[in-house]
Amino acid sequence: MKKSLVFVSLLSLSGLSLSGFSSQALATELKLELNLPQQTGEYHNPYVAIWLEDSSGKSIRTLALWREGAKWLKDIRRWWRKVGRKDAELVDAITSATHAAGRYQLSFDAVDDNQQPLAAGDYILRIEVVRENGGRSMVKQPFTLTGKSQRFTLAATPETAQSTFIIKE
Amino acid sequence: MKLKPLFIAATSLLLATQASAHNRWLLPSHFNLSNDKGEWIMVDVTASNETFFVDKPMGAERMVITGPDGKRVRAGSLYKGHRKSVVDLQLTQSGTYQLQLAGTPSYFTRYEVKGEEKPKFMRNVNKQQRDARLPKDAINVETLEGYSNVLSFVTLNSPSVSFPLSKQGLELIPVTHPSDIAQGEPVEFKFAFNGEVKAGVNVEIIREGVRYRNDPEALELTSDKNGAIKFTPKQAGRYLLMADYQQDVSDYALADKVGGRVFLTFEAVLD
């Protein structure tokens, strides 16, 4: 991956909106309000991976990775198997620290890992949330890019409170 | 292939006796790891019919560890207890390590004595040695040369493909990478005997935890003409795959039948 691309990825994954930095106006924006609930008992910040797969299950873009040391990456099971372990550069490029329970506003351009705009078609948003000494949840939201804005409510799971996913055209 | 009824009976008897030998397996503490600084794992080695509950120790010092670069890796310390051996192993390279207990074949002579109901067996006696050892009234004598191949794969970071094959005995050829097995996703393996893919390899696949369920839920498969089996693990967990193959040989000085068994331990990760 080229350095300039790494830089862009880092920005997008720190939770900042990219709109001010993009050299060109990209048509589609993906906005996620991710809600990590308070948990009872011993609490470690969750490891979180947010990524897009195509309809065949192939990852096309890792949007965010909140993690601790490399030793724990394997515990983000699906993301590690499908994406992380095959692309050390990508992991380095997108890494960000873990966050405590709370409400997070994330915003991403609708592009793939090579910064190419996503074509119209079917995709799956995946959010994998794993806590050490806690549970694991896999949020899966299929969507179709049609050129129209859309809004999805992501039902609560044991590791995520109700969240919102918006496609803004 | 058409077989005469007498031959089928003899074969099934021998298979039954082979099946009564203890299963053997290696159980790594971890199958998939992430760490750019390397990791330690530990490996249990045991002969046990209960999947992933240890029973009898096996010689873990014979375990051959092959690193991602195809070179042999030296194990760390080794402990041999009454129920299992344990090996410490440091993984320093990214990629897939093969852990294997294989090596020289063992010989097993079966015979019957007129008037006695049950067949008798002699371990470590080949066809050349057997005449001196058999009683004079022994009938239906048959010697099996059997290879055993106990193995597992462990991956640090990115999986690599280094699956050394000896072309001796029964071997498993991964089509699906053993570190890429996941709940709900199809898996394909092939089997070769002495380097040739074989149909008719009998395979049993069992998930851990049989002690805590009534039905062992064993999956039984037979390899097709390409030597292949295909299956999809419904649940995440650790699995033991056991494969068994035998064939008749003529004009072989040491045995009437040759065969091999494979014991592969793998993990199906949570999807």
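Shown above is the structure to which this text applies.
Not measured: the values here are computed from a predicted model.

Novice: Would you explain the overall build of chain B in this entry?
Specialist: Scanning chain B from terminus to terminus reveals 2 helices and 20 strands. Its C-alpha radius of gyration of 20 Å places chain B within 12% of the 18 Å reference for a compact globule of 271 residues. In terms of overall dimensions, chain B has a C-alpha envelope of 65 × 40 × 40 Å along the principal axes. Out of the 271 residues in chain B, the part that is buried amounts to 49%. Approximately 13700 Å² of chain B is accessible, and the part contributed by carbon and sulfur atoms is 49%.

Novice: Honestly, the side chain of Ser223(B) in this entry has me stumped. Any pointers?
Specialist: Within the secondary structure layout, Ser223(B) lies in the loop between β17 (219–222) and β18 (228–231). At 2.9 Å, the side chain of Ser223(B) and the backbone nitrogen of Val201(B) are in polar contact.

Novice: Explanation requested: the sheet that holds strand β9 (residues 163–168) of chain A in the structure shown.
Specialist: The strands that make up a sheet are held in pairs by hydrogen bonds between backbone atoms, and each pair lies either parallel or antiparallel. All names here are of chain A. One open sheet accounts for 4 strands, arranged β5-β1-β9-β8; its pairing is antiparallel. Both outer strands of the open sheet, β5 (102–109) and β8 (150–154), are each paired with one neighbouring strand and no more. Neighbour to neighbour, the strand axes of the sheet diverge by 10° on average, direction disregarded. Across 8 bridges, strand β1 (residues 29–36) lies against β5 in antiparallel orientation. Its bridge partner being in β5, asparagine 35 is matched across the sheet by arginine 103.

Novice: How do you make sense of the packing of aromatic side chains when you look at a structure like this?
Specialist: By convention here, two paired aromatic rings are described through the distance between centres and the angle between planes. Under the counting rule described, the total for this entry stands at 13 aromatic pairs over all chains. On the numbers, 5.3 Å between centres and 50° between planes, the contact of Phe193(B) with Tyr245(B) is tilted. In this pair, Phe193(B) sits in strand β14 (residues 187–193) while Tyr245(B) sits in strand β19 (residues 237–248), placing the two residues 52 residues apart along the sequence. Of the two residues, Phe193(B) and Tyr245(B), neither departs from the other in class, the shared state being buried. Feature note: the residues Tyr123(A), Phe143(A), Phe152(A) and Phe165(A) constitute an aromatic cluster, connected by ring pairs. One residue, Arg211(B), lies across the ring of Phe53(B), its end atom 3.5 Å from the ring centre.

Novice: How should unusual backbone geometry be read in this particular structure?
Specialist: Backbone geometry follows two general trends: most residues other than glycine have a negative phi, and most peptide bonds adopt the trans configuration. In this model, Gln115(A) sits at a positive phi of 65°, which is unusual for a non-glycine residue. Within the element layout of this structure, Gln115(A) appears in the loop between β5 and β6 (121–130). Gln115(A) sits in the partly exposed class, given a relative accessible area of 21%. In this structure, Lys167(B) is a non-glycine residue whose phi angle is positive, near 60°. Within the element layout of this structure, Lys167(B) appears in the loop between β12 (138–156) and β13 (170–174).

Novice: What am I meant to see in the pattern of salt bridges here?
Specialist: Residues and elements named next belong to chain A. In the structure shown here, the tally under the stated rule is 25 salt bridges over all chains. Glutamate 159 is the partner of arginine 131 in a salt bridge, and the nearest nitrogen-oxygen pair spans 2.7 Å. Here arginine 131, found in the loop between β6 and β7 (136–145), pairs with glutamate 159, found in the loop between β8 and β9; they are 28 residues apart in sequence, far enough to count as distant. Across this residue pair, the class does not change: arginine 131 and glutamate 159 are buried.

Novice: I would appreciate a short explanation of the environment of Leu270(B) in the present structure.
Specialist: Inspection of the secondary structure puts Leu270(B) in the segment after β20 (257–268). Leu270(B) gets classed as partly exposed once you look at its relative accessible area, which sits at 31%. Measuring from C-alpha to C-alpha, the distance between Leu270(B) and Gln235(B) comes to 7.7 Å, with 35 residues separating the pair along the chain. Leu270(B) has contacts with Arg77(A), Arg136(A), Gln183(B) and Ala236(B), leaving out every residue within four places of it along the chain.

Novice: Would you explain the pairing of strand β11 (residues 120–123) of chain B in this entry?
Specialist: For a regular strand, side-chain orientation follows a simple rule: the groups alternate between the two sheet faces. Residue and element names in this part refer to chain B. Alignment of strand β10 (residues 106–113) against β11, held across 4 bridges, turns out to be antiparallel. Following the sheet pairing, threonine 109 is matched in β11 by methionine 122. Once β10 ends, the chain turns through 6 residues before running back antiparallel as β11, passing glycine 115 with a positive phi of about 90°.

Novice: How do you make sense of the interface of chain A and chain B when you look at a structure like this?
Specialist: If you look at the interface, chain A gives 13 residues, while chain B gives 18 residues. Summed over both partners, the interface of chain A with chain B comes to about 1300 Å²; 46% of that surface belongs to carbon and sulfur atoms. Per-residue buried area on chain A facing chain B is highest for Lys74(A), Arg81(A) and Arg85(A); these three make up 46% of the total on that side. Note that Glu185(B) and Arg81(A) form a salt bridge whose closest N and O atoms lie 3.1 Å from each other. Here chain A and chain B share 12 residue pairs in polar contact (both at pLDDT 80 or more) between them. Looking at the side of chain A that touches chain B residue by residue, the class counts come to 4 nonpolar, no polar and 9 charged.

Novice: Sorry if this is basic, but what is going on with the sheet that holds strand β2 (residues 47–54) of chain A here?
Specialist: Spatial strand order, β4-β3-β2-β6-β7 (chain A): 5 strands in an open sheet with mixed pairing. In this open sheet, the two strands that pair with only one neighbour each are β4 (95–96) and β7 of chain A.

Novice: Can you help me understand the pairing of strand β3 (residues 39–47) of chain B in this one?
Specialist: All names here are of chain B. For β3, the tally of buried residues reaches 7 of 9 residues, placing the bulk of the element in the interior. As paired elements, β3 and strand β8 (residues 85–91) share 7 bridges and run antiparallel to each other. What sits directly across from glutamate 39, in β8, is leucine 91. The sheet contact formed by β3 and strand β4 (residues 56–57) spans 2 bridges and is antiparallel. Note on β4: the bridge partner recorded for alanine 47 is lysine 56.

Novice: Would you mind going over empty space enclosed by the protein with me for this structure?
Specialist: The probe, sized like a water molecule, is rolled over the atoms to show the empty space still left. Residues and elements named next belong to chain B. Using the criterion set out here, one finds 3 cavities of 30 Å³ or more in the structure. Lining the largest cavity, in full, are Gln98, Gln100, Asn149, Leu151, Phe153, Phe163, Pro164, Leu165, Glu171, Leu172 and Pro174. Elements that contribute at least two residues to the lining of the largest cavity include exactly β9 (95–101), β12 and β13. When grouped by side-chain class, the residues that make up the lining of the largest cavity number 7 nonpolar, 3 polar and 1 charged.

About the criteria used
- Residues numbered from 1 in each chain as written.
- Chains lettered and ligands numbered in written order.
- Predicted model: local features only at pLDDT ≥ 70, side-chain atom pairs only at ≥ 80, totals over all residues.
- Heavy atoms only, no water.
- Helix = DSSP H or I, 4+ residues; strand = E, 2+ residues; numbered from the N terminus.
- Rg over C-alpha atoms; globule rule 2.2 N^0.38 Å.
- Buried < 20%, exposed > 50% of the residue type's maximum accessible area, 1.4 Å probe, protein only.
- Areas by Shrake-Rupley, 256 points an atom, 1.4 Å probe, with all protein chains shown as cover.
- Polar contact = N/O pair within 3.5 Å; in protein donor to acceptor, adjacent residues only side chain to side chain.
- Pairing = 2+ DSSP bridges.
- Axes fitted to C-alpha atoms, helices over the stretch in contact; angles between N-to-C directions.
- Phe/Tyr/Trp six-rings, centres within 6.5 Å; stacked < 30°, edge-to-face > 60°.
- Lys NZ or Arg CZ within 6 Å of the ring centre and 35° of its normal.
- Salt bridge = Lys/Arg side-chain N within 4 Å of Asp/Glu carboxyl O.
- Contact = heavy atoms within 4.5 Å.
- Buried area = accessible area lost by both parts, 1.4 Å probe.
- Nonpolar A, V, L, I, M, F, W, Y, C, P; charged D, E, K, R; others polar.
- 1 Å grid on protein atoms, 1.4 Å probe; cavity = no way out; pocket = protein on both sides within 12 Å on 5 of 7 lines; lining within 4 Å.
- Points joined across faces, edges and corners; volume = space filled by probe spheres on them.

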